[in-house]
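Residue-level listing of the chains:
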Amino acid sequence: MAEDKGKRDSIGMSLRGCRTNNGFVQNEDILEKELDLGSPPDSAVAILGPAEPALQGIRPYAGMPKEVLFQFSGQARYRVPREVLFWLTVASVLVLTVATIAIIAVSPKCLDWWQAGPIYQIYPRSFKDSDQDGNGDLRGIQEKLDYIASLNIKTIWITSFYKSSLKDFRHGVEDFREIDPIFGTMKDFEDLVAAIHDKGLKLIIDFIPNHTSDKHAWFQLSRNRTGKYTDYYIWHDCRRDGGTTTPPNNWLSVYGNSSWHFDEVRNQCYFHQFLKEQPDLNFHNLDVQEEIKDTVTHYWELYHDFTTTQVGMHDIVRSFRQTMDQYSREPGRYRFMGTEAYGESIDRTMMYYGLPFIQEADFPFNNYLSKLNTPSGNSVFEVITSWMENMPEGKWPNWMIGGPDNARLTSRFGEEYVNIMNMLIFTLPGTPITYYGEEIGMRNILATNLNESYDVNTLLSKSPMQWDNSSNAGFSEASHTWLPTNSDYHTVNVDVQKTNSRSALKLYQDLSLLHANELLLSRGWFCYLRNDSHSVVYTRELDGIDRVFLVVLNFGESTTVNLKEMISNIPTRVRIRLSTNSTYEGSEVDTYGILLDKGEGLILEYNTKNLLHHQTAFRNRCFVSNRACYSSVLNILHSLC
């Protein structure tokens, strides 16, 4: 008996030690009573074995030894919930994985940064002068980034600021790797890029591979037949009799004179499509191609190419695209490439999109609206449909109503058309592009003597930006600016319009905000309904959204538009979402007859499930670039339309 009691005491102490090894002290007297009174002499030994009956009467406690814990965990009441939770977790992970894969598989391609919002084009010499020399510069642009951001702009496009003789005021480049001192230094450019990125914006800069300045080092080496540079330009024998040159053929430059000029150093003629100070590069020379590719890789987000078409040019553009793609592999670092190929037919312009499996430009810049001189519904409609009908499937359109080489919109059409043209480019599918000052309705300056052997008509749309009604329109504090400001700057300026709820600037901001927030405009179908000499009418709609935007634009004299004749199931009254006349916004109009004044535009909104692009009658009049549908349940876009 004494031996049995000693065993119980020994095992009892062992159990007490296990129970207190984690710092929890239990009532030992109660524990001993439980062991002594309710258990046979050998029951304490059974705790260390696998048998479960030994746990009868003992509850789980803190600090249990693992042998005890394992026996409790093996009981059904603990094991079954644990296994249920485990398999529920496994099933949930599998469901989430499958759902994620499915969502990725059915999701349309996201819009890239150059598709997601408007592009703002700046002619840097005329935007803002920061050093009081009468010339706009890079630091001046940086000073005005808050204003640009207030326009809901996503991308800034700065035209050429390379070291240049400025004979062409854009394209006479002496060195592709140097900033012209008029605009600042490379440090100024780097600071500007950093500031643009801090604002969440992207940057596009001009790159001009078509030609260089005749002061470029390459040309000086070429005219002296120095090594590989001998054939960097297009040279040809020509006859020189006295002071008269007989060119090798009758080709003309874009300015109407011969495209050949005799060089007395080399004793040959070189080819120039623009001014004689801008000799064309020879892109059939592989060394020239490599030089240009090397220059491309020195820049940040983008590449914008100005190249007048030469034989084999598309092969060269494709090689540029391949170079850009090599530097676009990092997430969020896509290099955009646009091309300017003005003067081409629509068919030739579309070739710059590339082929189905061979990409060239992300888009060729569309300046056809910029070339319209008289407004009419028919002419605007023709520009829209010619681009949409000829654009390769799956490509992205763009629209611009002004630029440094075109007369300003107000000077071409009249000030009453500023708002309606901005409404047009923000409601068409694709990327709207705004030339600085078009958001406030700036007009051309009058011709002036600039002491330049140059066509001054190309300078009239490059006058200083009109910021306020102070001296030089707030552009510069200098006593003289490189071009005069327009005489209307006292009333047509940013400062005046930003506080006027009915101004062109306020409508521009409302349009850009609507474009940013509405899938109907950024991803929706475009269906045109009617056009005539006065008006253009079209809708923007998207599968999964039971709302439609109906855009009515009047480019002629006052007219009445009957929407019921065009869409039979349209409600009798629809709401005005935006209007060129802000007093009408939020009100309703009768669709049997809408009276529109000259230059008036409306964005109407109504609910419907009968989308036009599903209807046979409209199928050939509807276009979409990247097809997508909206799920209101999941709040996502998908491609299972």
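Note that the structure is predicted; figures quoted are calculated from it, not measured.

1. Some thoughts on the overall build of the chain
Counting its regular elements, the chain contains 18 helices and 28 strands. Counting the 641 residues in the chain, one finds 53% classified as buried. Of the contacts made within the chain by residues no fewer than 6 positions apart, 67% connect residues no fewer than 24 positions apart. Put simply, the chain shows about 29300 Å² of open surface, and 52% of that area lies on carbon and sulfur atoms.

2. Topic: the pattern of salt bridges
In this structure the tally under the stated criterion is 27 salt bridges. Between Asp241 and Arg239 there is a salt bridge, with its nearest N and O atoms 3.5 Å apart. Given the relative accessible area of 46%, Asp241 is considered partly exposed. For the salt bridge of Glu277 with Lys276, the shortest nitrogen-to-oxygen distance reads 3.0 Å. The exposure class of Lys276 is partly exposed, given its relative accessible area of 39%. The network of salt bridges with common partners includes Glu518, Arg547, Arg575, Arg577 and Glu605.

3. What about helix 15 (residues 418–427)?
Of all 10 residues making up helix 15, 10 are buried, and the element is well covered by its neighbours. Within the span of helix 15, buried status applies to Val418, Asn419, Ile420, Met421, Asn422, Met423, Leu424, Ile425, Phe426 and Thr427.

4. Thoughts on the UniProt feature "transmembrane region" (unreviewed entry) in the chain
As recorded in UniProt, the sites labelled "transmembrane region" (unreviewed entry) are residues 84–106. Secondary structure content for residues 84–106 is 100% helix and 0% strand, while the C-alpha to C-alpha distance between its ends is 33 Å.

5. Some thoughts on unusual backbone geometry
In the Ramachandran plot, Asn267 falls in the positive-phi region, its phi being about 65° despite a non-glycine side chain. Position of Asn267 relative to the elements: it lies in the loop between strand 9 (260–263) and strand 10 (268–271).

6. Quick word on the sheet that holds strand 25 (residues 601–607)
What the 7 strands build is an open sheet, ordered 23-22-25-20-19-18-26; its pairing is antiparallel. At either margin of the open sheet sits one strand with a lone partner, and together these are strand 23 (588–590) and strand 26 (622–623). Contacts between helix 17 (residues 504–517) and the sheet are confined to strand 20 (547–554), strand 22 (573–579) and strand 25, with strand 22 contributing the most and set at about 115° to the helix.

7. Focus: the state of the cysteines
Under the criterion given, the structure shown has 3 disulfides. Bridging Cys238 to Cys269, the disulfide has an S-S length of 2.1 Å. Taking the torsion about the S-S bond as the criterion, the Cys238 to Cys269 disulfide, at about 90°, is right-handed. Highlighted residues: Cys238 in the loop between strand 6 (235–236) and strand 7 (239–241) and Cys269 in strand 10, separated in sequence by 31 residues. There is a disulfide in this structure between Cys629 and Cys641, and the S-S distance comes to 1.5 Å. Note that Cys629 is positioned in strand 27 (residues 629–631) and Cys641 in the segment after strand 28 (636–638), a separation of 12 residues in sequence.

8. Some remarks on the sheet that holds strand 10
One key point about sheets: their strands pair by backbone hydrogen bonds, in either a parallel or an antiparallel sense. Read from one edge to the other, the open sheet built from 3 strands follows the order 6-10-9, with strand pairing classed as antiparallel. Of all the strands in the sheet, just strand 6 and strand 9 have a single pairing partner and so form its edges. Inspection of the sheet shows strand 6 paired to strand 10 by 2 bridges, in the antiparallel sense. For His236, the partnering residue across the bridge sits in strand 10 and is Cys269.

9. What to know about the confidence of the model for the chain
Put simply, the chain has an average pLDDT of 85, and 86% of its residues get 70 or more. Low pLDDT, under 50, characterises residues 7–53; the predicted model gives this stretch 38 contacts beyond four residues in sequence or across chains. Low pLDDT, under 50, characterises residues 298–308; the predicted model gives this stretch 64 contacts beyond four residues in sequence or across chains.

10. Examining the side chain of Arg321
Along the chain, Arg321 falls in helix 11 (residues 313–326). Among the polar contacts made by the side chain of Arg321, one reaches the side chain of Tyr334 at a distance of 3.3 Å. Here Arg335 takes part through its backbone oxygen, which lies 2.9 Å from a polar atom of the side chain of Arg321. For Arg321, the residues in contact, after removing those within four places along its chain, are Ser328, Tyr334, Arg335, Met337, Gln359, Glu360 and Asp362.

11. Regarding the packing of aromatic side chains
Under the definition given, this model contains 35 aromatic pairs. Judged by centre distance (6.4 Å) and plane angle (25°), the rings of Phe526 and Phe623 are stacked. Of this pair, Phe526 sits in strand 18 (residues 525–531) while Phe623 sits in strand 26, and the two are 97 residues apart along the sequence. Considered together, Phe526 and Phe623 belong to a single accessibility category, that of buried residues. Taken together, the ring pairs in this structure connect Trp113, Trp114, Trp157, Tyr334, Phe336, Phe363 and Phe365 into an aromatic cluster. When the ring centre of Tyr436 is taken as origin, the NZ or CZ atom of Arg408, which lies over that ring, is 4.7 Å away. Here Lys462 stacks its cationic end above the ring of Tyr123, 5.6 Å away from the centre of that ring.

12. A word on the pairing of strand 12 (residues 336–340)
The element strand 12 is extensively covered by neighbouring structure, given that 5 of its 5 residues are classed as buried. Of the two faces of strand 12, both are covered, the one formed by Phe336, Gly338 and Glu340 as well as the one formed by Met337 and Thr339.

What counts, and at which threshold
- Residues numbered from 1 in each chain as written.
- Predicted model: local features only at pLDDT ≥ 70, side-chain atom pairs only at ≥ 80, totals over all residues.
- Heavy atoms only, no water.
- Helix = DSSP H or I, 4+ residues; strand = E, 2+ residues; numbered from the N terminus.
- Buried < 20%, exposed > 50% of the residue type's maximum accessible area, 1.4 Å probe, protein only.
- Contact = heavy atoms within 4.5 Å.
- Areas by Shrake-Rupley, 256 points an atom, 1.4 Å probe, with all protein chains shown as cover.
- Salt bridge = Lys/Arg side-chain N within 4 Å of Asp/Glu carboxyl O.
- UniProt positions renumbered as here; feature names shortened; annotations may be inferred.
- Pairing = 2+ DSSP bridges.
- Axes fitted to C-alpha atoms, helices over the stretch in contact; angles between N-to-C directions.
- Disulfide = S-S within 2.5 Å.
- pLDDT = per-residue confidence, 0-100.
- Polar contact = N/O pair within 3.5 Å; in protein donor to acceptor, adjacent residues only side chain to side chain.
- Phe/Tyr/Trp six-rings, centres within 6.5 Å; stacked < 30°, edge-to-face > 60°.
- Lys NZ or Arg CZ within 6 Å of the ring centre and 35° of its normal.

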